[in-house]
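Here's the letter readout for the chains.
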Amino acid sequence: MGTGKTAVGKEIARALGMQFVNTDDIIEKKAGMPINDIFARKGESYFRQVEREVMMEVSSNDYSVIDTGGGAVINELNVRDLKMEGILFCLNATADEIFKRVGNETHRPLLNVSDPLEQINYRLKKRVPYYKRADYQVDTNGRSVKEIADEIISIYRKVVK
């Protein structure tokens with residue numbers, strides 16, 4: 001959350017002439033409500049169920065940049081499916097940087113708490129082992145979307161020769 005996945009993903013897709021897929025958008029369509037409402041009305045476990053269904057659908061897309069939610073990698077099956085047909089990048093940022101970027105956004109259900117910075121720190125620490133499953137780690141702190149996208153495209157071109 002707040003590491004730039006959507007903005008960077010769109011830039012990569014544009015630069016490489018690929019399709020951009022945002023799994024949160026697909027989840028919202030499937031559930032018939034915004035993610036905030038999914039969490040509020042049906043809970044995180046329901047959200048993760050729908051997210052898993054979406055991962056199974058999109059992970060086999062050819063020539064696509066897939067933007068997943070930050071928690072998608074908690075499920076090992078999602079990681080397996082994404083890596084089977086592609087390269088998995090994890091965009092990293094410090095809790096302070098993430099808070100600076102998204103701390104005031106109300107559409108993020110995991111930040112609708114009394115201390116969003118504490119929640120970001122908690123989620124980051126909890127998810128570290130899951131984020132390490134990615135093929136590549138990319139630091140986004142203090143960097144522009146273009147700089148991050150260029151780094152990922154460079155790695156992609158070396159790997160996919």
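Everything here concerns the structure above.
About the cut-offs
- Residues numbered from 1 in each chain as written.
- Predicted model: local features only at pLDDT ≥ 70, side-chain atom pairs only at ≥ 80, totals over all residues.
- Heavy atoms only, no water.
- Helix = DSSP H or I, 4+ residues; strand = E, 2+ residues; numbered from the N terminus.
- Rg over C-alpha atoms; globule rule 2.2 N^0.38 Å.
- Buried < 20%, exposed > 50% of the residue type's maximum accessible area, 1.4 Å probe, protein only.
- Core = buried A, V, L, I, M, F, W, Y, C linked by side-chain atoms within 4.5 Å.
- Salt bridge = Lys/Arg side-chain N within 4 Å of Asp/Glu carboxyl O.
- Contact = heavy atoms within 4.5 Å.

Things to note about the overall build of the protein chain
- Helices and strands together make up the secondary structure of the protein chain, namely eight helices and four strands.
- Helices and strands appear in the protein chain in the N-to-C order α-β-α-α-α-β-α-β-α-α-β-α.
- By the compact-globule yardstick of 15 Å for 161 residues, the protein chain fits well, its C-alpha radius of gyration being 15 Å.
- Taking the principal axes of the C-alpha coordinates as reference, the protein chain spans close to 45 × 35 × 25 Å.
- By the burial criterion, 41% of the 161 residues in the protein chain qualify as buried.

Remarks on the nonpolar core
- One finds V8, I12, F89, L91, I148 and I152 to be the most contacted residues of the largest nonpolar core, which totals 13 residues.
- For this core, the secondary-structure elements that each account for two or more residues are α1 (5–16), β3 (89–92) and α8 (145–159).
- If you tally residues by element for this core, the top one is α8, at five residues.
- Ranked by size, the runner-up nonpolar core spans 11 residues in total, among them V21, A31, I35 and V50.

Description of the pattern of salt bridges
- Under the defined criterion, the tally for this structure stands at 15 salt bridges.
- Between E97 and K100 there is a salt bridge whose closest N-O contact spans 3.4 Å. Of this pair, E97 and K100 both sit in helix α6 (residues 95–102), three residues apart, which is roughly one turn of that helix.
- Owing to a relative accessible area of 65%, K100 belongs among the exposed residues under this scheme.

A word on the side chain of D81
- Take D81: it is sitting in helix α5 (residues 76–85).
- If sequence neighbours within four positions are ignored, D81 has contacts with R52, M56 and S59.

Topic: the environment of G86
- For G86, the location among the structural elements is in the loop between α5 and β3.
- Its relative accessible area of 33% is what places G86 among the partly exposed residues.

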